[in-house]
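Geometric and topological summary
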Amino acid sequence: MKKFIINILIACAAISFTSCEGFLDTKPTDQVSSATAMLTLTDATNAVNGLYSDMKWYDYYGSYMPVLGELRADDLQTKDSGGGWVAVYTLDYNSEQSTYFDLWNKCYEVIMRANTILENWEAIPTSTSSDVAVKNDIKGQALATRALVYFDLARTYGYPFTSDNGASLGAVIITRTVSASESRQPRSTVAKTYEQVFSDLETALPLLSRSKNTGHMNYWSAKLLQARAYLYTAQWDKALTAAQEVITSSPYTLVSRANYLNYFSQEGGAETIFELLVRRTSHLDDDGGYDSWYYPLWHGPEINSTGRIIVTQSFINLLKNHTEDIRSQVIKDGSTSIIPDHRDWLGKFPGTNYVDAKMNNPLVMRLSEAYLIAAEAALHVNPSSAAGYINTLRRNRILNYTDVSSITLDDILTERRKEFVGEGHRFFDLMRTGNSVTRSGGFHWCTGEAVTITPTSKKVCLPISHSQRLIYPELQQNPGYTE
Amino acid sequence: MTKRLFLFLSSMLFIINTSLAQVNVSGTVTDASDGTGIPYATVMVKGTSIATMADVKGAYSLSKVPSNAILVFSSIGYQTIEIPVEGRSIVNAVMSQQAVGLDEVMVVAYGSVKKGSYSGSATMIKGDAIKDIPVMTFEQAITGAVPGVSIAQTSGQPGGLPEIRIRGFSSFNAGNDPLYVIDDIPATSGDLSSANIWSSTMNYLNPSDIETITILKDAAAASLYGSRAANGVILITTKKGQVGKIVSTFKASAGVSYFAYNNYPLANDQEAEMLHREAWTNYANDNPSSWTSYGSISAYVNAKVEQYYPAKKEGYQYVNWEDVLFRNAIAQNYEYSISGGGPLSKTYASVGYNEQQGVNVMENLKRISATINAEAQASKHIKVGGSFQFSSTNQKGNQDGAAKDNPFYLWKVILTSRWPYKDPDGNYWMGTYNGSYRNPVPNFDKQIATSKQGRTMLKGFVEAEILPELKVKTILSYDYTRIDDRFGWMMGHPNGTAYGNGYIGDRYRRVEKLVSSTTLNYDKIFLDKHHVSVMLGWEAEDDSQQYTNLSKSDFANYAMQSTYLAATLKEGGTYNDKSTLLSLISNLNYDFNNKYFVTGTFRRDGSSRLSPEKRWGNFWSVSGSWKLSNEEFMKGVKWADNLKLRASYGTSGTLPSDLYGYMSLFSYEIYGDGNAAYPSNLANYDLTWEKNYNWNVAVEYDFLKRFGIVAEYYERKTKDLLLDASVPTTTGFQTALRNVGSMQNKGVELSLRADIIKNKDISWDFNISWSKYTNKILEMSEKGESIVSRPHVWTAGYSFYQYYSRKYLGVDPETGSPLYAKGTLLEDGTYDMTPVNRKQASSMILKGMSAIPKGFGGFNTNFSYKDLSVSMAWSYKYGHYVWDNATDDIDTDGYSYRNNIGKGQLKRWTEPGDITNVPRRIADNAYGGYYDSSRFLKKGDYLRLKNLTVSYNISKLLKEKANARVYLAGVNLLTFSGLNFDPEVRDSGFYDFSMPAMRTITIGVEITLK
């Protein structure tokens, strides 16, 4: 009996230890090991989608970019001191307390995803020539997206290029996947950051597809980005050439006056060159888009009045009563509301297909911008041709429009206000053209240093996060901010 | 001559009889202390299955007993004795009561030892000691009872997860919870629910089924559990029955619960209006442009106050919100258990129903539990046994914290006395004065947060005796937990509308733990003095989880909660997880003559959570003790009954909580109409265990036959801490799991036991314990690195719970402005303490302010006189600071003009020359209480009467047909503290509107039939 027991035990022990190898190997079921995640063209396409699915979130194009571009300027403001965007309007952000650090983190997350694609790209097998085109387009999209991100980092964290020829500090340039220790690089100048932008775009352009590709970058969005970057760096002739190419050769057309208001509810609209697709397909919380932790961004009618951003008196004066200009109708009247102090609000983004005002596809680039870039660049290169671009645009916006023969920079900046309100351009336009912005009068309630912002104000640049600097002190802070 | 022959022949016969024959033996078994018979004592012939039970007077008789046999006498509560028959026909036995204290058997890792021989640091509590305390889980009954162990509730809602810390804490990321071992097998523990409520998987265990709880604190005690033992181990054994006649017990109790403390006193209606007016007036005076359009300051102030704190309206019904949000909660408990056994088997079975309501109608915990434990001697050398434990708990609650769904938060912050309850038509008023908050009362039934857990534990074991000294035991255990969570908001609830017309998310989790454990035990005494015991074994553990979720929205009607017919699918999916562990365990004990004891343990663990190159780890310990009182030179010494020194040193570990943390992985989501893929973590193939090195020294001293002192000192150092270390975000990730840094805990534990009176009618004892520990982070991943984890900072040289924020310096008596220290680092390494305003102040390490107490512990006393007995237990903690996060809601110095106002705001500065700590009130105050600072830190010292039980034995009334007693018991009855909220806060010190603790008073009856 005893022997029998001992034998059983030995047998059990033997069985268990021989199977121990496999016993300790486990795998997750909701994630995939990187070794097998990027092997085919489909995998790479999914990875490229991973770039855009990251950018659509509130902490990049979903909310922060439009907010940083609008609330620090004179077209839009926050209604009162409640709500999360107040700190942008009042410039109350500093190195320790600022939710806008997420923008830096998000940008580098997108850059990491782009770098991952570029590193695994070479080895993907192709069999047909159309495969090769797809594979090249993937590389192009990764590079073009990376260029866009570096461009955004330069203009949000650095001073305008035109102020000091890009001498101020810009982004940390990372062009491959890095480990924690390798990532401790210092910031490069804004000039070097733009160099990276132009270099990525140059490599990308020949590879990108020239067809429309809703929700993705293509040749035309890269070209328009290039034009915009040339404009920001005052390279007027190159800006003009690039913008002209988009105007003449791209498959996009300016949306007409009749369709203007509906245009913003459409996905893949006539003049949309690059938008980010937002769907409410998963998750309880918002899926990105013009959203603020599921509160709507824009102040709206009673039901939506949790939105905080309203139109300034200055913008109302500019446009509201000019009914011949279709763009005046983006200002919705708040005076008939039963809620006291209900202000005029921006009704430009009614939600994709009018389903839900909180679900819009953020518009990153559209054709109108090409015209405005061309006009502004032409002012420096070939002034007499500048008016032509503005006229073409205005004919599609204003009823019974008569062409003008010449325009000034102020005209162009004003036109940009009317066209791009809510899309995040105004603040950057003012800063890069050396203008200050003053927010007083009307409904403005900001005080102190927030009233007037000059291109050299310290708050033009966002602060680098204090806790990031604690992690790696090589990361330099922007001037004027405490540690 | 004939006589001698007769004698010779009879003696021959006698001898022949005794050596070859059998004899009928009878006798009486009596108690040594008073000579009374021991009823139903077991009498067994050693080495055979011949056995019987004595009658109620202790008389027994056995037939056909071999004359050279040895009789074994045993009975519960008595020391077993063996008496050789030697051919006699009458064998009486006198049995001594089982000594408590040193000879008491204590359950420890993989076995049990006599307390006096144990070299490790462990404390045992008997289930009977806590049986009347009206709590749903045992953790709440032992707060303050074990030196070095701190227990707090994360929430006062029924079923909330307790936070248990044994000798401080040592991990940033891998968890600081101890390992739970139930009946020799590690068990699933922790909070596995996902319903927005805190829920413990240990809610399944009915405290009445517990026989003993042993808490293992040092390396010698815990190292046998190796890679999961760094935070200590809680060993629980459930009741197994006892030898003797069948005993059945019926117990019932019922009582009432309500908040234990007066939380957050608020300014009353007039005071609040006055404070609001003042804030607006001051704002108007400071900002003249603000009121110009209103004509005058008073018109402006009137308009603003009317907008945000409007006067009560005619016809509307206003209410004291506490009355409609909370109720007196009912606690009830019904149990029936039956236990018994014979010489060859014993069984315990129980069934119970417990229910504890919470103070809000949404909160409730119900439990049905059933247990059957049985073991039997299947043959001469083989013992088998098994247990089946089943429990079904149904927990309902609400989100804790500063949330719309938390009635406690709404009561204290949002619902002012000017907030109408009902409109003139008698309907609930559903307007709002504050963002999107609304009257919650009509929506209590539209808010769903439930966690139903069904747990089944099946265990079976076989123990075989190969040789008298060598035994082998195999245990197989299957621990199955099913968690059905549901949370959502139906239509009509403000959240339900935000997600569409109602939203319900169902999450199903199935957790299975399969454990197989085989041990070989060898125990022998050589040459009378050398006692050696060796244990060798192996164990395999397989944990798997399946997780399914399904969320839908857009329901037709709020009462229809079946998601089948909801229109919109929000989310649905399934995934599986698995984690495995393979181990080799061994243990060697040697003691010499009951004076010198040495123990060594060794365990080798292999885990699936680490890469193949790094997955095996070795854990060991060495300990020894010296029983000075057994030395020759100490015998006869009157001032020491027992004097023992012990010391231990050993290692243990902690596994990463992330099951696949070392791998490099891609995750997926949706983009547009297609899939998006992205790298989801920064891989680390070097990931390894957290390693804990502990040493412990202690003195145990008993004297005057009634006092006992235990003093312990320990140090535990943890290296290779697992940390989701912040990495530069230029990597594209914010954190990466790495082994970095090291931490140290040092501490002292003192406990004193006094048996003040101990005789037949009266007994009275008193116990007190005091513990203290210091915690210090020795190294982070990089020199000078600090990680901010609001409101703490982790940096070398400071503790894990070091507070980090702006330093509040008080109020400027001239202007009423709040002052903060500038907080920047000066060249000499100190902080710049120049008083500046909030915007100019930086966060700094608040030296001397930590959440770690200067001392904590408890004291209890038990008194009994004939049929009456009284016990009470107190717990205390002092020297620590807690972070009151409510400060930014109700002590905002005017920033918030919609919320309730804390009573402390009445002390605000009003005119130059005022000396106070509360600044001048001003609307939209950008410099005051809304912003983090050391003003949020408050001294957390408290003393609390944790439980009090008064019990009266009424057996005489029932004419001894049954044992019965009635009892009155209460929990959290008295609290002394300077805080304005319940002082039992988690170890981190951070408190943010979790439901406060409840005081419960119950009355009960227990009837035992024999």
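Because the structure is predicted, anything quoted here is derived from the model rather than measured. (Residues numbered from 1 in each chain as written. Chains lettered and ligands numbered in written order. Predicted model: local features only at pLDDT ≥ 70, side-chain atom pairs only at ≥ 80, totals over all residues. Heavy atoms only, no water.)

Next up on the list: the overall build of chain B. Along chain B, the regular secondary structure elements total nine helices and 52 strands. Taken over the C-alpha atoms alone, chain B extends approximately 140 × 65 × 65 Å along its principal axes. By residue count, 56% of the 1010 residues in chain B fall in the buried class. Considering only residue pairs separated by 6 or more positions, chain B has 69% of its internal contacts joining residues 24 or more positions apart. (Helix = DSSP H or I, 4+ residues; strand = E, 2+ residues; numbered from the N terminus. Buried < 20%, exposed > 50% of the residue type's maximum accessible area, 1.4 Å probe, protein only. Contact = heavy atoms within 4.5 Å.)

Residues and elements named next belong to chain B. Looking at chain direction, strand β36 (residues 742–758) and strand β37 (residues 762–779) are connected through 16 bridges and run antiparallel. Bridge pairing in β37 links Met743 to Ile777. Count of turn residues in the β36/β37 antiparallel hairpin: three residues. Direction of pairing for β37 relative to strand β45 (residues 855–865): antiparallel, over a ladder of ten bridges. Looking at the pairing, Ile768 lines up with Phe859 of β45. (Pairing = 2+ DSSP bridges.)

Residues and elements named next belong to chain B. Taken together, the side chains of Ile246, Phe250, Tyr336, Ile338 and Val351 make up a nonpolar region of the molecular surface, amounting to roughly 430 Å² of accessible area. For the nonpolar patch, the elements supplying multiple residues, two or more each, are β17 (244–259) and β18 (329–341). Topologically, Phe250 is positioned in strand β17. (Patch = residues over 30% accessible without salt bridge, like charges linked within 9 Å, V, L, I, M, F, W, Y side chains within 5 Å. Areas by Shrake-Rupley, 256 points an atom, 1.4 Å probe, with all protein chains shown as cover. Salt bridge = Lys/Arg side-chain N within 4 Å of Asp/Glu carboxyl O.)

What follows deals with the interface of chain A and chain B. Of the residues lining the interface, 67 residues belong to chain A; the matching set on chain B comes to 77 residues. Carbon and sulfur atoms supply 57% of the area buried between chain A and chain B, which totals about 6,300 Å² over both sides. Summed over the shared surface of chain A and chain B, the number is one salt bridge. Salt-bridge contacts for Arg615(B) lead to Asp25(A); the nearest nitrogen and oxygen are separated by 3.0 Å. Broken down by secondary-structure element, the contributors of at least two residues to the side of chain A that touches chain B are α1 (2–18), α2 (20–23), β1 (32–33), α3 (34–37), α4 (41–55), α8 (101–121) and α20 (466–471) of chain A. Looking at the side of chain A that touches chain B residue by residue, the class counts come to 29 nonpolar, 23 polar and 15 charged. Pairing of β1(A) with strand β30 (residues 665–671) of chain B involves two bridges; the strand directions are antiparallel. Bridge pairing in β30(B) links Val32(A) to Phe666(B). (Buried area = accessible area lost by both parts, 1.4 Å probe. Nonpolar A, V, L, I, M, F, W, Y, C, P; charged D, E, K, R; others polar.)

All names here are of chain B. Reading across the sheet, the three strands line up as β48-β47-β51 and stay open at both edges, with mixed pairing between neighbours. Taken across any chain shown, the strands that pair with only one partner, and hence form the sheet edges, are β48 (937–939) and β51 (990–991). Bridge analysis of strand β47 (residues 881–884) against β48 gives three bridges, and the strand direction is antiparallel. For Val882, the partnering residue across the bridge sits in β48 and is Lys938.

Attention shifts here to the side chain of Arg187(A). All names here are of chain A. Along the polypeptide, Arg187 turns up in the loop between α10 (161–164) and α11 (190–204). Here Arg187 sits buried without a salt bridge, and the closest side chain of opposite charge, Asp164, lies 11 Å off (N-O distance). One polar contact links the side chain of Arg187 to the main-chain carbonyl oxygen of Tyr157, over a distance of 3.1 Å. For Arg187, the residues in contact, after removing those within four places along its chain, are Trp104, Tyr157, Leu169, Gly170, Ala171, Val172, Ile464, Leu475, Gln476, Gln477 and Asn478. (Lys, Arg positive; Asp, Glu negative; His and termini not counted. Polar contact = N/O pair within 3.5 Å; in protein donor to acceptor, adjacent residues only side chain to side chain.)

This brings us to the packing of aromatic side chains. Residues and elements named next belong to chain B. Applying the stated criterion to the full structure yields 76 aromatic pairs over all chains. Both rings, one in Tyr264 and one in Phe981, keep their centres 5.4 Å apart while their planes meet at 25 degrees; by these two values the pair is stacked. Highlighted residues: Tyr264 in the loop between β17 and α3 (269–286) and Phe981 in the loop between β50 (963–977) and β51, separated in sequence by 717 residues. In terms of burial, Tyr264 and Phe981 fall into one category: buried. One aromatic cluster in this structure is built from Tyr258, Phe259, Tyr264, Phe326, Phe408, Tyr409, Trp411, Tyr437, Phe981, Tyr991 and Phe993. (Phe/Tyr/Trp six-rings, centres within 6.5 Å; stacked < 30°, edge-to-face > 60°.)

Right, let's get into the environment of Met38(A). Residue and element names in this part refer to chain A. Within the secondary structure, Met38 sits in the loop between α3 and α4. Met38 sits in the buried class, given a relative accessible area of 8%. Separated by 127 residues in sequence, Met38 and Asn165 have C-alpha atoms that sit 40 Å apart. Not counting residues up to four positions away in its chain, the partners in contact with Met38 are Asp43, Ala44, Ala47, Thr116, Ile117 and Asn120.

In short, geometric facts, not functional conclusions.
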